[in-house]
Amino acid sequence: DPQHVVVLLNLSRRNLATGAVTRSKMALADLAGMGQFAHLDVSASYKSLEEVLRALAARQQRVPFRDHALTQVLQDCMGGTAKTLLLLALPPESASRQDSLRG
């Protein structure tokens, strides 16, 4: 069964000269593929992630983080002062192109 894997890292750094502590949170997420065998929950999580990213990009007042467990887990790492990077690994086969470009 396809599943998502999310690793949350809480990082802290102390400036030895000033004693100031900087805290950060990093999420590393490996999201299940959306191939022809995608399960309903995988599809729902991608849809929720898409809605959150669209709301953040449009600077909407209400961002639907609570619509899915995946977006709830990633909430601290998206929006506000967070920096978000999306890295995609797409299959090179032309047969998979339609699944990759679906949106």
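Residues numbered from 1 in each chain as written. Predicted model: local features only at pLDDT ≥ 70, side-chain atom pairs only at ≥ 80, totals over all residues. Heavy atoms only, no water.

Undergrad: For the overall build of the chain, give the residues involved together with the corresponding values.
TA: A tally of regular secondary structure across the chain gives three helices and two strands. Burial status across the chain gives 16% buried among its 103 residues. In the chain, once contacts between residues fewer than 6 apart in sequence are set aside, the share between residues at least 24 apart is 36%. (Helix = DSSP H or I, 4+ residues; strand = E, 2+ residues; numbered from the N terminus. Buried < 20%, exposed > 50% of the residue type's maximum accessible area, 1.4 Å probe, protein only. Contact = heavy atoms within 4.5 Å.)

Undergrad: Please provide a residue-by-residue account of the confidence of the model for the chain, values included.
TA: Residues shown with low pLDDT carry predicted positions that ought not to be read at fine detail. Considering every residue of the chain, the mean pLDDT works out to 84; 78% of them sit at 70 or more. Least confident of the elements in the chain is helix H3 (residues 97-101), whose mean pLDDT is 59; most confident is strand S1 (residues 5-14), at 94. (pLDDT = per-residue confidence, 0-100.)

Undergrad: How would you sum up the nonpolar core? Please name residues and give values.
TA: In terms of nonpolar packing, the biggest core is built from eight residues, these being Leu49, Val52, Ala55, Val63, Phe65, Leu70, Leu74 and Met78. Taken together, the elements giving at least two residues each to this core come down to helix H1 (40-57) and helix H2 (69-74). A total of three residues in this core trace back to one element, the largest contributor, which is H1. Discounting residues that sit within four places of it in the chain, valine 52 has contacts with Val63, Pro64, Phe65, Thr71 and Met78. (Core = buried A, V, L, I, M, F, W, Y, C linked by side-chain atoms within 4.5 Å.)

Undergrad: So what about the pattern of salt bridges? Which residues, and what values?
TA: Should their charged atoms come close, side chains of opposite charge can pair. Evaluated as defined, the whole model comprises four salt bridges. Across the salt bridge formed by glutamate 50 and lysine 47, the nearest N and O atoms sit 4.0 Å from each other. Here the residue glutamate 50 and the residue lysine 47 both occupy positions in helix H1, the gap between them amounting to three residues, near one helical turn. Judged by its relative accessible area of 26%, glutamate 50 is partly exposed. Overlapping salt bridges, with partners in common, bring together Lys47, Glu50 and Arg54 in one network. (Salt bridge = Lys/Arg side-chain N within 4 Å of Asp/Glu carboxyl O.)

Undergrad: Outline the environment of phenylalanine 65, listing residues and values.
TA: Mapped onto the elements of the fold, phenylalanine 65 is located in the loop between H1 and H2. A relative accessible area of 9% means that phenylalanine 65 is categorised as buried. Discounting chain neighbours no more than four positions away, the residues touching phenylalanine 65 are Val52, Leu56, Thr71, Gln72, Gln75 and Met78.

Undergrad: Describe the side chain of threonine 71, and please don't skip the residues or the numbers.
TA: Within the secondary structure layout, threonine 71 lies in helix H2. At a separation of 3.0 Å, a polar atom in the side chain of threonine 71 contacts the main-chain carbonyl oxygen of histidine 68. (Polar contact = N/O pair within 3.5 Å; in protein donor to acceptor, adjacent residues only side chain to side chain.)

Undergrad: Any chance you could break down a nonpolar patch on the surface for me, citing the residues and the numbers?
TA: On the surface, Val5, Val7, Leu9, Leu11, Met26 and Leu28 cluster together to form a nonpolar patch covering roughly 460 Å² of accessible area. Per-element accounting of the nonpolar patch gives the leading share, four residues, to S1. Relative to the elements of secondary structure, leucine 28 occurs in strand S2 (residues 21-30). (Patch = residues over 30% accessible without salt bridge, like charges linked within 9 Å, V, L, I, M, F, W, Y side chains within 5 Å. Areas by Shrake-Rupley, 256 points an atom, 1.4 Å probe, with all protein chains shown as cover.)

Undergrad: Now, about the environment of alanine 32: what can you tell me, with residues and values included?
TA: Structurally, alanine 32 is set in the loop between S2 and H1. Using a relative accessible area of 6% as the deciding quantity, one classes alanine 32 as buried.

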